[in-house]
Amino acid sequence: MSAPQELVDAALAASVADGCVVVLEEHSAANLRWAASAMTTNGWTSARTMTAIAFRERAAGTGIGLVTRSVQTAAEAAALARAADAASRASAPTEDVSPLVAPYLCDDDWGAEVPRTGPDALAPVVPGLAALVDRWHAEDWLAFGYLEQQRTTTLLATSTGLRRRFDQADGRFELTGKSTDMQRSAWYGAHVPDATAVDVGAAGAELERGLRTAAREVALPPGRYETLLPPAAVADLMVFAYQRIAARDAHDGRTVFARPGGGDRIGERLAALPLTLASDPGAPGLECLPFDVVTAGESALGSAFDNGQPVAPATWIDRGTLTDLVRTRAWARATGAAPRPPAGNLLLSADGATASLADMVASTQRGLLVTSLWYVRQVEPRTLLLTGLTRDGVYLVEDGRITAAVNNFRFNESPIDLLARATEAGRTERTLPRERGDAFRRTAMPALRIPDFHMSTVSAAR
Amino acid sequence: MRALADAALERAVALGADHADVRLQRMRQQTLRLRDGALESARDGEELGLAVRVVHDGAWGFASGTTCTVAAAAELAERAVGVARLGGALSRVPAVLAPEPVHADAVWVSDYDVDPFAVPLAERVERLAQLSRRLLAADGVDHVDASLVQVLENKHYADTAGTTTTQQRVRLHPELVAIAGPASMRTLAPPAGRGWEYMTGTGWDWDAEIDALPALLREHAAAPSVEAGRYDLVIHPSNLWLTIHESIAHATELDRVLGHEAAFAGTSFATFDQLGTLRYGSPLMHVTGDRTAPHGLATVGYDDEGVAAQAFDIVRDGVLVGYQLDRQMAQTRALGRSNGCAYADSAQRAPLQRMPNVSLRPAPGGPSTEELIGRVERGIYVVGNASWSIDMQRLNFQFTGQQFHRIQDGRLAGQLRDVAYQATTTDFWASLEAVGGPETYMLCGTIACGKGQPGQAAAVSHGSPSALFRGVNVLNTRAGA
């Protein structure tokens, strides 16, 4: 089996296109999954995937051929490059063309050995989990959850001579506790790139508090409630907004960031609080690709021509005001603005905010504390109205204390409206979006206090 | 293929596995996207991999890789056993599989005429561009998005009992969206287990749909906002399939019922103790699970545990009578043989219990859609699906659609906007008053139903006739619902 770097070289050498980008991803993952205190699926996977993107200049414009395959040998890599060449010749000209990214200074260790992970990375967590499962069995509680560790090395090379590399460690730990009658439920989730940082004891203790609190339940009707959204719930909502942050889509009037009558909403105040929404590939604990990788094809959020360009820190909302949107280089040229690639993390913060979620509970006279959100879907793109449900714990807060569990609700809200109506933000902390965490998990968010969160109907789900 | 499988199975047995299966799987997927008739992106993906799954000392172990050699196959078996040993420390219930007849050297190919991967890229782009241009030329259409996803799935499966199956499936998902200012409308053509012929007139009338869409969009853009309240709904299969998917198909997955998805996808209100007694809905309600339906997206010859495809009842006369099973669950719950609902979306994933084509049966000699509309004094005719959301026990749901036609005194009276219907599953299906006849039946579906950790996507079809529901809660989404 050839080294990944050799495969990249082989693909580039085989390309006869006018320009070529090669992206190789070496991925390994190990996971454990358990339900009702028994294992369900668990496994180890390893995959090597290469994408070759060929650019063919013709009188009518530039054609793009983008082919992705599993590859193991230099011959397969060369065949992949030739397939991309053939696809570029067959392709219709693309609209938005940019020159390929030229080499620039970086300190990537291109030739270093590719790191991998395996089941051994999970082993330190197993004894603690086994002990928790047995202890909960005695309490008539059941444990459900998922532990995953991943390593992905991305190698990007262009026919212009650019070489970039990034090694991403990733992982998550989720634990759900339920009473054996499945009537009470609590959830804990964390982004843990290193499984040795998993704290089963702390997670278990948090869930035990929730399950004990749920022994007292109060039924509440739908309505507007003062609601504390914890960081995980805020993350699910903000990631939804972030994935619709393309400048071109706003210009075309397709998203919540479009100004009625034309143009975008840059410069408009979206949040009453001094909230800042930003991305930063170097954010501690949330490090992600510091260069652009676009292997899914052209879209308003990314262009294959832009592969390899640096991804700089970006501020999307600055102290409440919308300041920037994602722009490909072609769209930036067309609109006279700066290119702005998206990054693989998202951070929301409020100037001077120091309150923990517990502090915010303590300062609440009467309201709801939500654990997480689920099945969040877009209802109306222009307002970004979303619908979804609360899950695994809604609690009644009275006079600064959690006093009971409450039924679940369906909500209908727009995250952009919530930014405008939030009256308090807590301190920012790393969190795992409950629903979006499968695809976008590197987030840091504050808790938000919404004075009138719209719980539109009651859900009887437990 | 056979040498790879033999190497993995022999190694697993030598290491003491009670059961082992191996899959060699290739997934080809091409995606085209056009923006206003111009090609935006063409992506050609192919994933080839090998997966080994074992039961060792009662615990599951799984390993997969993209190196397809005899040595790598044997190594995967070792790794799968290693994973089983690790997970065994957490296992409290041993995994045992229900017996299945041996299917030796079985071969199955899905029903299609033209391999879409054999059609030149330029021809496929031009077909989408042609449809886009026709929409763009219509009054009031500002933008058109078009996309086509085509998939070719090849699987070779072998297990220690002696079953070996080799299968090939093809599916297409074409979609065009016309945009007029803030309003948009999508084509109703469903994804289908068909070849390129689907884009050229077999199985769908593109000319009729493209001709009708601009006027429907203009009417939709100018439509009044709905007044929230209770309405009778006549629901077209292009919308009802998704309600069936969310409120019946997911709710009757036995792995959800048993809690396997409790931490992620959720559980189900249709608990096992209610099998045979739960009043799911109206006595008119007959729902089947079927992995044999022609052109169905979940149609196979054999599932990913070597079980032959079957059709079975899930709801009969409105009562819950069956669940979707895999071999372990069939054994654990003493339900006899599995009904063939195991599926893995790639070699990178272990099989999960995934849904077959789950469909609502039409009424023999039942009414037409027009006759159903004729029975409504004040209501809404719902066509096409859009937004969907349902809670983790499949009770509280909310759906929107593409078109909402007001019904007044048995006739359509112009479109409405901002409509969502919201209900609890059993209340909604209890309100089913009439089921349309076979001529109203249509097979719709999705190519990307998500489930499991790590996540997997599955393609599945849902057939439905038009149907009449009385007194359903309708929300106004613009008013914040």
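Refer to the structure presented above.
What you see is a predicted model; the values in this text were computed from it and never measured.

Cut-off values and rules
- Residues numbered from 1 in each chain as written.
- Chains lettered and ligands numbered in written order.
- Predicted model: local features only at pLDDT ≥ 70, side-chain atom pairs only at ≥ 80, totals over all residues.
- Heavy atoms only, no water.
- Helix = DSSP H or I, 4+ residues; strand = E, 2+ residues; numbered from the N terminus.
- Rg over C-alpha atoms; globule rule 2.2 N^0.38 Å.
- Buried < 20%, exposed > 50% of the residue type's maximum accessible area, 1.4 Å probe, protein only.
- Contact = heavy atoms within 4.5 Å.
- Lys, Arg positive; Asp, Glu negative; His and termini not counted.
- Charge placed at Lys NZ, Arg CZ, Asp CG, Glu CD.
- Axes fitted to C-alpha atoms, helices over the stretch in contact; angles between N-to-C directions.
- Parallel < 35°, antiparallel > 145°, perpendicular 65-115°, else oblique.
- Left-handed = near helix turned anticlockwise from the far one by under 90°.
- Nonpolar A, V, L, I, M, F, W, Y, C, P; charged D, E, K, R; others polar.
- Phe/Tyr/Trp six-rings, centres within 6.5 Å; stacked < 30°, edge-to-face > 60°.
- Pairing = 2+ DSSP bridges.
- Expected span 1.5 Å × (residues − 1).
- Arc of directions from axis to C-beta.
- Polar contact = N/O pair within 3.5 Å; in protein donor to acceptor, adjacent residues only side chain to side chain.
- Buried area = accessible area lost by both parts, 1.4 Å probe.
- Salt bridge = Lys/Arg side-chain N within 4 Å of Asp/Glu carboxyl O.

Student: Before we go on, may I ask you to explain the overall build of chain B in this structure?
Tutor: When you go through chain B residue by residue, the secondary structure sums to 9 helices and 22 strands. Compactness check: chain B gives a C-alpha radius of gyration of 23 Å against a globular reference of 23 Å for 481 residues, within 12% of the reference. In terms of overall dimensions, chain B has C-alpha extents of about 70 × 55 × 40 Å along its principal axes. Residue burial in chain B is summarised as follows: out of 481 residues, 67% are buried.

Student: What is the right way to read the overall build of chain A from this model?
Tutor: Looking only at helices and strands, one finds 9 helices and 20 strands in chain A. Taking 462 residues into account, the globule formula puts the C-alpha radius of gyration at 23 Å, and chain A, at 24 Å, falls close to it. Referenced to the eigenvectors of the C-alpha coordinate spread, the extents of chain A come out at roughly 70 × 55 × 35 Å. Going through the 462 residues of chain A one by one, you find that 63% of them count as buried. At a minimum sequence separation of 6, the contacts of chain A that also span at least 24 residues come to 74%. Across chain A, 46 positive and 54 negative side-chain charges occur, with their mean positions spaced 4 Å apart.

Student: Teacher, can you tell me more about the packing of helix 3 (residues 121-136) of chain B against helix 4 (residues 206-221) of chain B here?
Tutor: Two quantities define a packed helix pair, namely the angle between the axes and the distance from one axis to the other. Residues and elements named next belong to chain B. The N-to-C vectors of helix 3 and helix 4 enclose an angle of 30°; their axes lie 9 Å apart at closest approach. Judged by the angle between their axes, helix 3 and helix 4 are roughly parallel. Handedness of the helix 3/helix 4 crossing: right-handed. When helix 3 is examined against helix 4, the residues Arg 127, Leu 131, Arg 134 and Leu 135 are found in contact with a partner set consisting of Trp 206, Asp 207, Ile 210, Asp 211, Leu 213 and Pro 214. Each residue belonging to the contact of helix 3 with helix 4 can be placed in one class, and the counts come to 6 nonpolar, no polar and 4 charged.

Student: Please explain unusual backbone geometry as it appears in this structure.
Tutor: Leaving glycine out, the prevailing phi sign among residues is negative, and the prevailing peptide bond configuration is trans. All names here are of chain B. Along the chain, Gln 453 connects to Pro 454 via a cis peptide bond; the corresponding omega equals -5°. Inspection of the secondary structure puts Pro 454 in the loop between strand 20 (442-451) and strand 21 (456-464). In this structure, Asp 36 takes a positive phi of about 55° despite not being glycine. Mapped onto the fold, Asp 36 is located in the loop between strand 1 (19-35) and strand 2 (38-56). Using a relative accessible area of 27% as the deciding quantity, one classes Asp 36 as partly exposed.

Student: Quick question: what am I supposed to make of the packing of helix 1 (residues 4-14) of chain A against helix 2 (residues 74-90) of chain A here?
Tutor: All names here are of chain A. It is at 8 Å that the axes of helix 1 and helix 2 come closest, and there the two elements cross at 40°. Judged by the angle between their axes, helix 1 and helix 2 are oblique. When you trace helix 1 past helix 2, the crossing you get is right-handed. Residues Leu 7, Ala 10, Ala 11 and Ala 14 of helix 1 form the contact with helix 2, whose own contacting residues are Ala 74, Ala 77, Ala 78, Ala 81, Arg 82 and Asp 85. Residues of the contact of helix 1 with helix 2, tallied by class, amount to 8 nonpolar, no polar and 2 charged.

Student: Looking at this model, I keep getting lost on the packing of aromatic side chains. Mind explaining?
Tutor: Think of a pair of aromatic rings as described by two things: how far the centres are apart, and how the planes are tilted against each other in angle. Residue and element names in this part refer to chain B. The tally for this structure, following the rule as stated, stands at 19 aromatic pairs over all chains. Their ring planes at 90° and their centres at 6.3 Å tell us that Phe 397 and Tyr 421 sit as a pair that is edge-to-face. Of this pair, Phe 397 sits in strand 16 (residues 396-408) while Tyr 421 is found in strand 18 (residues 419-424), placing the two residues 24 residues apart along the sequence. Each member of the pair, Phe 397 as well as Tyr 421, is classed as buried. Through a chain of ring-to-ring contacts, the aromatic side chains of Phe 397, Phe 399, Tyr 421, Phe 428, Trp 429 and Phe 469 assemble into a single cluster.

Student: Looking at this model, I keep getting lost on the sheet that holds strand 19 (residues 443-445) of chain A. Mind explaining?
Tutor: Residues and elements named next belong to chain A. On the basis of which strands lie adjacent, the open sheet formed by 6 strands has the order 11-10-9-12-19-18 and mixed pairing. Every other strand in the sheet has two partners, leaving strand 11 (321-322) and strand 18 (429-431) as the edge strands with one partner each. Its contacts with the sheet place helix 5 (residues 231-242) against strand 9 (275-279), strand 10 (314-318), strand 12 (346-350), strand 18 and strand 19, and it is angled at close to 120° to strand 19.

Student: How should the sheet that holds strand 10 (residues 311-316) of chain B be read in this particular structure?
Tutor: Two pairing modes exist for strands in a sheet, parallel and antiparallel, and in both the strands are linked by backbone hydrogen bonds. Residues and elements named next belong to chain B. Pairing is antiparallel across the open sheet formed by 4 strands, whose spatial order is 11-10-9-14. With one partner strand each, in any of the chains shown, strand 11 (319-320) and strand 14 (357-360) form the two edges of the open sheet. On top of the sheet, helix 5 (residues 237-249) reaches strand 9 (287-290) and strand 14; it is set at about 110° to strand 14, its chief contact.

Student: Explanation requested: helix 3 (residues 126-139) of chain A in the structure shown.
Tutor: It helps to recall that an α-helix has 3.6 residues per turn; residues three or four apart then point in one direction. With 14 residues, helix 3 of chain A extends 20 Å between its outermost C-alpha atoms, agreeing within 8% with the 20 Å of an ideal straight helix rising 1.5 Å per residue. Considered for burial, the residues of helix 3 of chain A that qualify are Val126(A), Leu129(A), Ala130(A), Leu132(A), Val133(A) and Trp136(A). In a view along the axis of helix 3 of chain A, the buried residues occupy a sector of 160°, so they form one face of it. More than 90 degrees from the buried face of helix 3 of chain A, the exposed residues found are Pro127(A) and Ala138(A). Residues of helix 3 of chain A that are buried make contact with strand 1 (19-35), strand 4 (141-158), strand 5 (163-179) and helix 4 (200-213) of chain A together with helix 2 (70-88) of chain B. Phi turns positive, to about 65°, at Asp140(A), one or two residues after helix 3 of chain A.

Student: Help me understand the side chain of Gln167(B) in this model?
Tutor: Residues and elements named next belong to chain B. Looking at the secondary structure, you find Gln 167 in strand 6 (residues 164-180). On the accessibility criterion, Gln 167 (8% relative accessible area) is buried. At a separation of 2.8 Å, a polar atom in the side chain of Gln 167 contacts the main-chain carbonyl oxygen of Tyr 302.

Student: Got a minute to help me understand the interface of chain A and chain B in this structure?
Tutor: Note: interface size is frequently given as the accessible area lost on complex formation between the parts. Taken together, the contact pairs 83 residues of chain A with 75 residues of chain B. Summing the contributions of chain A and of chain B, the shared interface buries around 6,500 Å²; its carbon and sulfur component is 52%. Here chain A and chain B share 6 salt bridges between them. A salt bridge links Glu261(B) to Arg33(A); its shortest N-O distance comes to 2.9 Å. For the pair chain A and chain B, the interface holds 38 residue pairs in polar contact (both at pLDDT 80 or more). In terms of residues, the side of chain A that touches chain B owes the most to one element, strand 2 (residues 38-58) of chain A, which gives 11 residues. Sheet analysis places strand 2 of chain A next to strand 3 (residues 59-65) of chain B, joined by 2 bridges and oriented parallel.

Student: What's the story with the pairing of strand 10 of chain A in this structure? I'm lost.
Tutor: Looking along a regular strand, one sees side chains alternate from face to face of the sheet. Residue and element names in this part refer to chain A. Two strands pair when backbone bridges link them, and strand 9 and strand 10 are joined in this way by 3 bridges, in the antiparallel orientation. Among the inter-strand pairings, Ser 279 is bridged to a residue of strand 10, identified as Ala 314. Direction of pairing for strand 10 relative to strand 11: antiparallel, over a ladder of 2 bridges. Looking at strand 11, one finds that Ile 317 is bridged to Leu 322. Connecting the antiparallel pair strand 10 and strand 11 is a turn made up of 2 residues, with Arg 319 showing a positive phi of about 50°.

Student: How should I be thinking about the pattern of salt bridges in this particular structure?
Tutor: Pairs may arise between side chains of opposite charge once their charged atoms sit close together. Scanning all chains against the criterion turns up 64 salt bridges over all chains. Glu380(A) is the salt-bridge partner of Arg478(B), the closest N and O atoms lying 3.7 Å from each other. Of the two residues, Arg478(B) is situated in the segment after strand 22 (467-476) and Glu380(A) in strand 13 (residues 366-380); the pairing between them involves two chains. Accessibility expressed as a relative area gives 49% for Arg478(B), which makes it partly exposed.

The values reported here are purely geometric and, on their own, carry no functional implication.
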